[in-house]
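# Structure at a glance
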Amino acid sequence: MADDGPEAVIDFWFEELSPKQWFAKDEALDTLIEKRFESAWEAARRGELAAWRSTPEGRLAEILVLDQFSRNMHRDRPMAFAQDAVALVLAQEAVAQGADRALTTRQRPFLYMPYMHSESLLVHEDALRLFDQPGLEENLRFEHRHRDILLRFGRYPHRNAILGRESSAEELAFLEQPGSGF
């Protein structure tokens, strides 16, 4: 199986990695993801993976590449977030089609993750509903934390420096608190 197909993405994320690795800052893992999946990421950026969307797992793989792999491959750089809107649209289409229901409880949060990563409170209304289901309680807790930050600041302050946005004094004070950045 080639490292640039949807099955390779799903196997890598859910079989090779542990849940602890999914959200850890790990330079070696970031490098590994870039080495193995850069061609898939480039194809996804160009909109060339439409064929993957024929199955729920394929659509999830494309979302993982655009949403999660972008964050690993381009950590602390603007490109980490540059594909967020496309990932969100793909996730919204999947939910509208009911494709999320064909995924396992372990996979489903990653289809919904673009909702959590959005800086739109309107999108987070949907996120709260999507994450509020059996087996996703921990994800729902994180969704509430993300939404609370947006309610307070209207954006994610931990992205400001990366995206060249000016931080307010209140945001800077918030960023000094433990656990303020995801």
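Residues numbered from 1 in each chain as written. Predicted model: local features only at pLDDT ≥ 70, side-chain atom pairs only at ≥ 80, totals over all residues. Heavy atoms only, no water.

### Here's the deal with the overall build of the protein
When you go through the protein residue by residue, the secondary structure sums to ten helices and zero strands. Reading the helices (α) and strands (β) of the protein from amino to carboxyl end gives α-α-α-α-α-α-α-α-α-α. A globule of 182 residues ought to have a C-alpha radius of gyration of about 16 Å, and the protein, at 16 Å, matches this closely. Along the three orthogonal principal directions, the C-alpha set of the protein runs to about 50 × 35 × 30 Å. Expressed as a percentage of the 182 residues in the protein, the buried residues total 47%. Sequence separation of 24 or more characterises 59% of the internal contacts of the protein that already satisfy a separation of 6 or more. Entry remark: accessible area of the protein is about 9,100 Å², with carbon and sulfur atoms responsible for 52%. Charge separation in the protein, taken as the distance between the mean sites of 22 positive and 32 negative side-chain charges, equals 2 Å. (Helix = DSSP H or I, 4+ residues; strand = E, 2+ residues; numbered from the N terminus. Rg over C-alpha atoms; globule rule 2.2 N^0.38 Å. Buried < 20%, exposed > 50% of the residue type's maximum accessible area, 1.4 Å probe, protein only. Contact = heavy atoms within 4.5 Å. Areas by Shrake-Rupley, 256 points an atom, 1.4 Å probe, with all protein chains shown as cover. Lys, Arg positive; Asp, Glu negative; His and termini not counted. Charge placed at Lys NZ, Arg CZ, Asp CG, Glu CD.)

### Overview of the pattern of salt bridges
According to the stated counting rule, one finds 15 salt bridges in the structure shown. Taking the shortest distance from any N to any O, the salt bridge between arginine 75 and aspartate 30 comes out at 2.7 Å. One end of the pair, arginine 75, is in the loop between helix 4 (56-73) and helix 5 (84-97); the other, aspartate 30, is in helix 3 (residues 27-45), and 45 residues separate them in sequence. Residue class for aspartate 30 comes out buried when judged on its relative accessible area of 9%. A cluster of three or more residues bridged by salt bridges with shared partners is formed by Glu42, Arg45, Arg46 and Glu48. (Salt bridge = Lys/Arg side-chain N within 4 Å of Asp/Glu carboxyl O.)

### What to know about the packing of aromatic side chains
Applying the stated criterion across every chain yields a total of twelve aromatic pairs. Residues phenylalanine 23 and phenylalanine 110 carry aromatic rings whose centres are separated by 5.9 Å and whose planes lie at 15 degrees to one another, so their mutual orientation is stacked. Residue phenylalanine 23 is found in the loop between helix 2 (19-22) and helix 3, and its partner phenylalanine 110 is found in helix 6 (residues 108-117); the two are separated by 87 residues along the sequence. Exposure remark for phenylalanine 23: the relative accessible area of 54% places this residue in the exposed category. Relative accessible area serves as the criterion here: at 2%, phenylalanine 110 is assigned to the buried category. Ring geometry for phenylalanine 37 versus phenylalanine 69: centroids 5.0 Å apart, planes at 45 degrees, classification tilted. Pair noted here: phenylalanine 37 is in helix 3 and phenylalanine 69 is in helix 4, with a separation of 32 residues, a long-range link. A residue is classified by how much of its surface remains accessible, and phenylalanine 69, at 0% relative accessible area, is buried. Against the face of phenylalanine 142 rests arginine 141, its NZ or CZ located 4.7 Å from the ring centre. (Phe/Tyr/Trp six-rings, centres within 6.5 Å; stacked < 30°, edge-to-face > 60°. Lys NZ or Arg CZ within 6 Å of the ring centre and 35° of its normal.)

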